[in-house]
Amino acid sequence: MKKITVTILKAVLYVGVLTPLLSACEKDQATAGQTRPSVKFEKDFMERLHFPLSDAIIYSKGVGLNRNAIIQSFDIAKDGSIYYNQIAGNTLHQMNIIHGQPGEENPGEMMVLEYFGHGSNMAIEETKHGTYIWMGSYGNKGSDGTYGGSQAISRIKFVPGTTVQCDAGETFYLPGAKNIHPAINQEKDLLGIEFSEKKSGFYIRNFIVYRLSEAMKLEPEKMKLAEKITYGGEDQRPEVSEITEISARNLSRLEALFHIKLADGFGDNGGLVGKYAFQGFDIDEEFIYYYEGWGNDNDPKKSSHAIVSVVDKRLNLLSRKEVKAFEDPDLLMKFDMSDRGYFEAEGIKIKGNKLYIGGATRKIMKVTWPNGKVENIDRRLANILVY
């Protein structure tokens, strides 16, 4: 298998926070701004990101979901089916979790989550008892009615046709973390979390990886969220602002496998990532996969952009590649994915030796809704590429 050449970049503003064991073994390497020995990265899918758009890399395209809203993230089940999440249109307090086959228009299996947040990253866990959705929860309602700033993580059994709120299922909490999102690598028994802090005008993103089995063994505890949240006021329900008490598994009681911090702002102040907006992440035993991108503002004379970066547990940037398939508006129109070349990155998943990346496109088209209503709209469509 082809080895990717490792470029080790110094990042003065980024601090790698290692486990006690790793610090003990490599304490002379743990100072910010110093070069650390890199971890060997042997997956070759990064080298395929320069391929132009073609049928060979399209896993699913042009999927319209329940509401005319873009996907926020997705996951791929063992049988190849897809779980999507999307904010439920102008019903801003709801997040739709939708299950369907590749290319299936308006999939029928759907569950609704209320007050969870923005849903920037999600994951599924498949067990003998069913499929569980991992999602940031206990979001805060902003002045514009949108929800974000999730302060906890929920594990919710996927039950189509149901609507649940944040206290359903199991809750995981890391005191002090906000804007928190999960990732799961079930095969390798890993739970990853990402949460952000804003400092000096840019975001510092924390990535922490635990053993999933150890997190599941934690006993729930009564605790209060660190900050007040506002929720409700929709569907004739009262709006509430409170510091909420929850029953949750306290992740701070675990020893992390690793913890690194990355600052957005590629090229500014030595930034490794973040030239474009953060669009999701995934994890491996020794790596964080960081996904970023930006649409073309619906201007067919411009290109959309997506970038995948691989950072190891010692804070070395091992690979950073532009996704060629996002850049050519003419090819996006040729493959009937977009009529203006718009392709915004949304969600990333690593499955064995395959990389799946998601994106939202737009196209003026006639739509027949489940209630029978027919209209021409600027339809938001979900797409997934595989490498």
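Conventions used here
Residues numbered from 1 in each chain as written. Predicted model: local features only at pLDDT ≥ 70, side-chain atom pairs only at ≥ 80, totals over all residues. Heavy atoms only, no water. Pairing = 2+ DSSP bridges. Helix = DSSP H or I, 4+ residues; strand = E, 2+ residues; numbered from the N terminus. Axes fitted to C-alpha atoms, helices over the stretch in contact; angles between N-to-C directions. Salt bridge = Lys/Arg side-chain N within 4 Å of Asp/Glu carboxyl O. Buried < 20%, exposed > 50% of the residue type's maximum accessible area, 1.4 Å probe, protein only. Polar contact = N/O pair within 3.5 Å; in protein donor to acceptor, adjacent residues only side chain to side chain. 1 Å grid on protein atoms, 1.4 Å probe; cavity = no way out; pocket = protein on both sides within 12 Å on 5 of 7 lines; lining within 4 Å. Points joined across faces, edges and corners; volume = space filled by probe spheres on them. Nonpolar A, V, L, I, M, F, W, Y, C, P; charged D, E, K, R; others polar.

A. Just the sheet that holds strand 2 (residues 58–63), in detail. In spatial order, the strands read 2-28-27-26; together these four strands make up an open sheet with antiparallel pairing. Single-partner strands in this sheet number two, and they are strand 2 and strand 26 (343–351). Taken pair by pair, the neighbouring strands of this sheet meet at an average axis angle of 20 degrees, ignoring direction. Two strands pair when backbone bridges link them, and strand 26 and strand 27 (residues 354–368) are joined in this way by seven bridges, in the antiparallel orientation. Looking at the pairing, Lys-349 lines up with Tyr-356 of strand 27.

B. Just the pattern of salt bridges, in detail. Summed over all chains, the structure comprises 27 salt bridges. The salt bridge involving Glu-327 is made with Lys-324; its shortest N-O contact spans 3.9 Å. Residue classification places Lys-324 among the partly exposed positions, given a relative accessible area of 41%. As a salt-bridge pair, Arg-362 and Asp-378 come within 2.7 Å of each other at their nearest N and O atoms. Remark: Asp-378 occurs in strand 28 (residues 374–386) and Arg-362 occurs in strand 27; sequence separation between them is 16 residues. Of the two residues, Arg-362 and Asp-378, both sit in the buried class. In the salt-bridge network here, residues are joined through shared partners; they are Asp-339, Arg-340, Arg-362, Asp-378 and Arg-380.

C. Quick peek at the side chain of Thr-91. Tracing the sequence through the fold places Thr-91 in strand 5 (residues 91–100). Side-chain polar atoms of Thr-91 contact the side chain of Arg-67, separated by 3.2 Å.

D. Examining the pairing of strand 24 (residues 305–312) more closely. Counting buried positions along strand 24 gives seven out of eight residues, so the element sits mostly inside the fold. Hairpin connection from strand 24 to strand 25 (residues 317–322): four residues lie between these consecutive antiparallel strands, with Leu-315 at a positive phi of about 75 degrees.

E. View of the pairing of strand 22 (residues 277–283). Burial of strand 22 is extensive: six of the seven residues sit out of reach of the surface. Both strand 22 and strand 23 (residues 287–294) contribute to a ladder of six bridges, which runs antiparallel. Within the sheet, the bridge partner assigned to Phe-278 lies in strand 23 and is Glu-292. What sits between strand 22 and strand 23 in their antiparallel hairpin is a turn of three residues.

F. Highlighting the layout of surface pockets. For the largest pocket, the calculated volume is near 380 Å³. As for the largest pocket, its lining consists of 18 residues, and the residues nearest its centre are Gln-186, Glu-187, Ile-350, Lys-351 and Gly-352. Elements represented by at least two residues in the lining of the largest pocket include exactly strand 3 (71–76), strand 7 (122–127), strand 14 (181–185) and strand 26. Partitioned by chemical class, the residues of the lining of the largest pocket number six nonpolar, three polar and nine charged. If you add up the space inside the second largest pocket, you get close to 220 Å³. If you trace the second largest pocket, you find it lined by Ile-70, Gln-72, His-118, Ser-120, Ala-277, Phe-278, Gln-279, Trp-294, Glu-344 and Glu-346. Counting residues per element, the ones that place at least two in the lining of the second largest pocket are strand 22 and strand 26. Sort the elements by how many residues they give to the lining of the second largest pocket and strand 22 lands first, with three residues. Considered class by class, the residues forming the lining of the second largest pocket number four nonpolar, four polar and two charged.

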